[in-house]
Amino acid sequence: MPDNRKYAIYSRKSKFTGKGESIENQIEICRRALKSKYDVVDEDIVEFEDEGFSGGNTKRPKFQEMMERCRNGEFQLVICYRLDRISRNTSDFVNTYEELKEHSVSFRSVSDNIDDTSPMGRAMMMISSVFAQLERDIIAERITDNMHELAKSGRWLGGNPPTGYRSAETVGSKTVDGKIHKARMLEKNPEEAELVRLVFTKFVELRSITKVETYLLNNDFKSKKGNTLSRFAIKTILQNPVYAIADEDTWVYLNEKRYAVVRFTR
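Residues numbered from 1 in each chain as written. Predicted model: local features only at pLDDT ≥ 70, side-chain atom pairs only at ≥ 80, totals over all residues. Heavy atoms only, no water.

**Student:** Mind laying out the nonpolar core, listing which residues take part and the relevant values?
**Tutor:** In terms of nonpolar packing, the biggest core is built from 19 residues, with F48, M66, C70, V78, I86, L100 and F107 touching the most fellow members. Contributing elements (two or more residues each) for this core: β1 (6-13), β2 (45-51), α2 (61-71), β3 (75-80) and α3 (90-102). What F48 contacts, discounting residues up to four positions off in sequence, is A8, I9, Y10, S11, K62, E65, M66, R69 and F75. (Core = buried A, V, L, I, M, F, W, Y, C linked by side-chain atoms within 4.5 Å. Buried < 20%, exposed > 50% of the residue type's maximum accessible area, 1.4 Å probe, protein only. Helix = DSSP H or I, 4+ residues; strand = E, 2+ residues; numbered from the N terminus. Contact = heavy atoms within 4.5 Å.)

**Student:** Give me the lowdown on α3, citing residues and values where you can.
**Tutor:** If you check α3, its first and last C-alpha atoms are 18 Å apart, about what 13 residues at 1.5 Å a residue would give, namely 18 Å. Turning to α3, its buried residues are T90, D92, F93, T96, Y97 and L100. Buried residues of α3, seen end-on, are gathered within an arc of 160 degrees and therefore sit on one face of the element. Two or three places before S91, at the start of α3, stands the capping residue N89, its side-chain oxygen 2.9 Å from that residue's backbone nitrogen. The positive-phi residue at the C-terminal boundary of α3 is S104, with phi of around 55 degrees. (Expected span 1.5 Å × (residues − 1). Arc of directions from axis to C-beta. Polar contact = N/O pair within 3.5 Å; in protein donor to acceptor, adjacent residues only side chain to side chain.)

**Student:** Residues and numbers for the state of the cysteines, please.
**Tutor:** Covalent bonding between the sulfur atoms of two cysteines is what defines a disulfide. Inspection of every chain in the model, using the stated rule, returns zero disulfides. Left unpaired, C30 is separated from the closest cysteine sulfur, that of C80, by 6.3 Å. Take C30: its relative accessible area is 0%, and that puts it in the buried class. (Disulfide = S-S within 2.5 Å.)

**Student:** Can you lay out the sheet that holds strand β4 (residues 106-109) for me, pointing to particular residues and giving the numbers?
**Tutor:** Strand order in the open sheet formed by five strands is β2-β1-β3-β4-β5, and the pairing between neighbours is mixed. Looking along the sheet, the strands with just one partner apiece sit at the ends: β2 and β5 (114-115). Of the strand pairs in this sheet, β1 and β2 are connected by seven bridges, and their pairing is parallel. Opposite K13, over in β2, you have E51 as the bridge partner. Sheet strands in contact with α2 are β1, β2 and β3, and its direction is about 150 degrees off that of β2. (Pairing = 2+ DSSP bridges. Axes fitted to C-alpha atoms, helices over the stretch in contact; angles between N-to-C directions.)

**Student:** Lay out the pattern of salt bridges with the relevant residues and their values.
**Tutor:** Counted by the stated rule, this structure contains 20 salt bridges. Where E98 meets K101, a salt bridge forms, and the shortest distance between an N and an O atom there is 3.8 Å. Of this pair, E98 and K101 both sit in helix α3, three residues apart, which is roughly one turn of the helix. Taking the relative accessible area as the measure of exposure, E98 reaches 38% and is therefore partly exposed. Residue classification places K101 among the partly exposed residues on the basis of a relative accessible area of 41%. (Salt bridge = Lys/Arg side-chain N within 4 Å of Asp/Glu carboxyl O.)

**Student:** For the pairing of β3, give the residues involved together with the corresponding values.
**Tutor:** β3 sits mainly inside the fold: six of its six residues count as buried. Relative to β3, β1 runs parallel, the two sharing five bridges. Of the residues in β3, the one forming a bridge with K6 is F75. Alignment of β3 against β4, held across four bridges, turns out to be parallel. When the sheet's bridge partners are listed, L77 is paired in β4 with S106. Note that the unit made of β3, α3 and β4 has a crossover that is right-handed. (Right-handed = clockwise from strand over helix to strand, strands pointing away.)

So, to be careful, I would describe these as geometric facts and stop short of saying anything about function.
Structure below.
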């Protein structure tokens, strides 16, 4: 009895870009692979695209839709450009593959030349999934190490600056070909700094975050965005080590708490 189920192409890219392994390129490569090996026409193919989603997990809208349709018996094969388009997490990939098998859905990865119709193909598929996660873990480790090194130089690495500071652009470094790398560092905002000092002063005096909140509310003190300071915002200020005096006591305390502490002078 012929299998009249359709063929699913899955494509994923972490960032919105038309370069390299773009969504369009992945789909076109998969289409050619399908038509060269299977007797399919365009009407037999359904495309699923997740652009701007990481391969670290499977919480992606089109991926989840595809899997749901696999469970409903709509597809006989799922094909992707490369195995890590499905997932860079070995456990997630294995679970996905087992679920596909459970619903009699075959899997193929074009770039890896993996087809699960043979024992060798299935073995290579599992090995490739391990290397996909290894690559992801190495990249994550490299980024983390790089961020730590940049932080050691006093750079502000992004996000909303803490109250009392602004993010100021500085010249970070210059490459051999003359290209200038920009960097950002925290710079005091005198007006907001007064509010931070007031929060600490009032907490020492009142010994209660709720009472500090009431005092700021009654005296119409606002945050940098013009909002009243909630108890959570006040607690965040009081607990943020960026406000600590850089003395020996602070050094000892942070080391005891296993913070990564670096002596830095500008």
